[in-house]
Amino acid sequence: MGVGRLPWSRALLLLAVAGPPLWLGGVKPWVVPAFVLVVAGLLVRRCLRSDSPLRVPALWWLGLLAAGLTFIQWMPLPPALLRALAPGLSSTVAEILDGTGLGPWNRLSVHPGQTGLEFARLLALTGLFVAAAQLSWRLVAAYVSLAGTLVALVGLSQKLIGAEAIYGVYVPRQELFGLGQALGSPLLTSFVNPNHQSGLLLVGVFAAASVGVDLHARSREARGRQASERLADRAYLAAGAIAIQTTALVLSMSRGALASLVIVAPLALALGLRQPKTAGNEPSHGRRRRVGLAVIVLGMLGLAASQGAWDQLSTLRDPASFADKFRVAREGLALIPSSPVLGTGRGTFVDLFPLVDRRPGAILFTHLESTPIAFLVEWGPVPGGVVVLGLCWWWWRSFRANEGLARRLGLCGLLALGIHSCVDFSLDFLGVSAAAVALAGALGVSAKGRTWSHRRVLIATLVAMVVGLAVALTSIPGSWSQRRPRDRAVLDGQLAVEPALRQTPLDAFLHLAAAREAAERGDWDETLDRAEVAARLRPANLDAHLLAATAAAELGSPLASIEHIKRGLETMREPVSEELVDWLIAGVPAPEQLATIAPDSSEAWTPLARAIARRSPAHARALASARARTHPEDPEPLRIQAQLALDADNPGLALHHARLLVQLQPNEEAAHRLRANARFKHQTRAQTEAAVAELEQARLNSRIKDPAVIDELLILGLLRLADEASLSRAEELIDGLLARRAKPAERRRRRALAERVRNARGESDP
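Residue numbering note: each chain is counted from 1, following its sequence as written. In view of the model being predicted, local features appear only for residues whose pLDDT reaches at least 70, and side-chain atom pairs are presented and counted only at 80 or more, with totals across whole chains, interfaces and linings using the full set of residues. In computing side-chain values, all of the structure's heavy atoms are included and hydrogens and water are not.

- In the nomenclature of an unreviewed UniProt entry, the protein chain is known as O-antigen ligase-related domain-containing protein of Enhygromyxa salina.
- UniProt positions are given in the numbering used here, feature names are shortened, and annotations may be inferred rather than shown by experiment. Note on the protein chain: under the UniProt heading Subcellular location (unreviewed entry), the record states "Membrane".

Here is the structure:
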């Protein structure tokens, strides 16, 4: 490189690898066309810099296959071909659009804006794979490690200064507990999703290990002391990058990523132990540096673990922790028969999954959280299977061809990301996929005996750039990120429903907006049709069900109206709006009639009953009484009735329900608390003695989740008795209670209780 000349290839590579992660993880749509330009510039630079032929990386055509499939899903197709490729999907879309006046849908994808962006992204990633194959693997691995380190430093800096927004300005839409600051809250970096940043950090950790091992080996082989020390210093910088990224990875609290690290780390360690020691001299102070670095790494990991990361990892022992994630993946496979040839279309899962979701709720699943299964569903079982098996075959071939430890460590990072992707969709975003693809291109094997002329690659690059940019730029207005502002414009009347439906025909919000417009016109037939479609596309959308119920009532179908209300309430989850509760109480003035429209599932009945109890005890009492008769195994009606009786100053009735509740839930401390409070409410010594005896018996139950609750109640009962034996027993219990681990509020409450015990003892002493 001449003096004053900018290293364009390095600059463009760094921008391609580190730019998307630092730009909110690459989730924003404008990242895609910018990425297309950067990758095109990198390939054009390579073609113009040298006349030598380009290396052909093995299985590069997998990326072109994926991009081609996605392009077909995006483009308009003849109706006959569309019905042949996706008979179930095309009939479903036609049924939903019937009556809207939009005409037949002519694309395989029901979300072409997102599918078009995905096509451009895959095309650019294929170009990056080819471009990285022409560059030094050391350079690519160093840049991947640098990208991960920068993301980790952003997160650690934000945690240090207490920032609760990315770069202090952007708050992620996804609700994150504590926004990186509370104990147990995942680290907030430049990514909007902690699971996604974990994917990049996995690759970055192993890339840094790859660079560090290579630099260390070269430092021992270097002839001059100065050259050896310079390489050794760089190796320790790479080790520092490992420490920083590993700390951020643990703080990200992604169970899938931590499990992947635990699985792949032994393989990397075994490779290191099998590797023969490099001959040469040890750089000065090498052992002292390694000890200091090890202390720093252990300290950082200890600090990260103290933030609650290992508590997250320990939940992997509980099979129930996987239930919902794998439920979505399992039920998502039911979409395959609707479009079995070329899949449902990339980026369409958010609109199609509600059609097969057996347990709809308030959570909106925008992606299928398993990349291999997403490939099978969105590209079809045959093309998707070819892509999945091809990636596995590529990794195995590359691992066998790379015999050096350093390069194999880099491939271990890709293996860890692949395992993590089985339970996550981080590869759908450029913040992770760009770094992974670049590292894969640099470490992958070449197609034997094949090269490309620079002229051929230059022409292909320019054509791909033009096509990719055209599709990406025209797709951005209809992409997922633009849905919220567009839907707000529709709601405010600034945008008509019809043009929005042409972008996303299965958007439940738009059908609901159309139903509201029809209701304002008094067209109740169309209102009912659109509201039922909206409820079908979003079963948990209560507004759609209630609007359908209103339309059915206006059309003279009271039974259908009641059925729509009941279906809507079945999807009820916390929190329940006060407006809904007031609407139900006003609409059903007789409390006994409320049970006829109450939901059947306990997940929906419980939050609704609790919300009604806060507004109308009479309705809640009638609701709980009817539920207890039809569902005697459900403890919640007894709990509600006991609490309502306590609030109404009826301790006898409260005790009756509380005793039945304890029989039903002997291991729940809440049931014992209700029974004890009911006895205390009588304010008689006999009832207090009975409560103390029952609590002493409950202390012997080792299955109670929080025995400290029982101890607190028992101490309160003993203080009520206030005799010598009771106060002595209270002193015994309070010492053990104070020794238990507790949250700050609990600790303050227990200290106040201990003060009461001391005061009571002081008053009883002569």
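**Thoughts on the packing of aromatic side chains**
For any pair of aromatic rings, the description rests on two quantities: the centre-to-centre distance and the angle between the ring planes.
Part 1 of the argument: Whether two aromatic rings pair depends on their centres lying within 6.5 Å, for rings of Phe, Tyr and Trp, where Trp uses its six-membered ring; planes under 30 degrees apart make the pair stacked, over 60 edge-to-face, and the rest tilted. Counted according to the given criterion, the structure contains nine aromatic pairs.
Part 2 of the argument: Ring centres of F71 and W74 lie 5.5 Å apart, and the angle between their planes is 35°; on these two criteria the pair is classed as tilted. Of this pair, F71 and W74 both sit in helix α3 (residues 61-74), three residues apart, roughly one helical turn.
Part 3 of the argument: With relative accessibility at 26%, the residue F71 sits in the partly exposed group.
Part 4 of the argument: With a centroid separation of 4.9 Å and 25° between ring planes, the pair formed by F349 and F353 is classed as stacked.
Part 5 of the argument: Partly exposed residues are those whose accessible area sits between 20% and 50% of the maximum for their type, while under 20% is buried and over 50% is exposed, using a 1.4 Å probe and protein chains only. By relative accessible area, F353 is classed as buried at 2%.
Part 6 of the argument: The rings of F71, W74 and F119 are connected pair by pair, giving a single aromatic cluster.
Part 7 of the argument: Seen from the ring of W379, R346 lies directly overhead, with NZ or CZ sitting 4.9 Å from the centre.
Part 8 of the argument: Geometrically, a lysine NZ or arginine CZ counts as sitting over a ring once it is within 6 Å of the ring centre and also within 35 degrees of the ring normal. One cation-aromatic arrangement involves R408 over F399; the distance from NZ or CZ to the ring centre is 4.3 Å. Strands are runs of DSSP state E lasting at least 2 residues, helices are runs of H or I lasting at least 4, and numbering of each runs from the N terminus.

**Thoughts on the side chain of Q665**
Part 1 of the argument: Residue placement: Q665 occurs in the loop between α29 (651-664) and α30 (669-682).
Part 2 of the argument: The buried category is assigned to Q665, whose relative accessible area is 17%.
Part 3 of the argument: Contact definition: two residues touch when any of their heavy atoms are within 4.5 Å. Ignoring sequence-local partners within four residues, the contact set of Q665 consists of P635, R639 and A671.

**Quick word on unusual backbone geometry**
Outside of glycine, negative phi angles account for most residues, and trans bonds account for most peptide bonds.
Part 1 of the argument: For the bond from E574 to P575, the omega torsion is -5°, close enough to zero to count as cis.
Part 2 of the argument: Locating P575 in the fold gives a position in the loop between α24 (558-570) and α25 (578-587).
Part 3 of the argument: In this structure, Y167 is a non-glycine residue whose phi angle is positive, near 55°.
Part 4 of the argument: Its location among the elements puts Y167 in the loop between α7 (137-161) and α8 (194-221).
Part 5 of the argument: One non-glycine residue, A722, adopts positive backbone phi at about 65°.
Part 6 of the argument: Secondary-structure assignment places A722 in the loop between α32 (707-721) and α33 (724-739).
Part 7 of the argument: Take A722: its relative accessible area is 42%, and that puts it in the partly exposed class.

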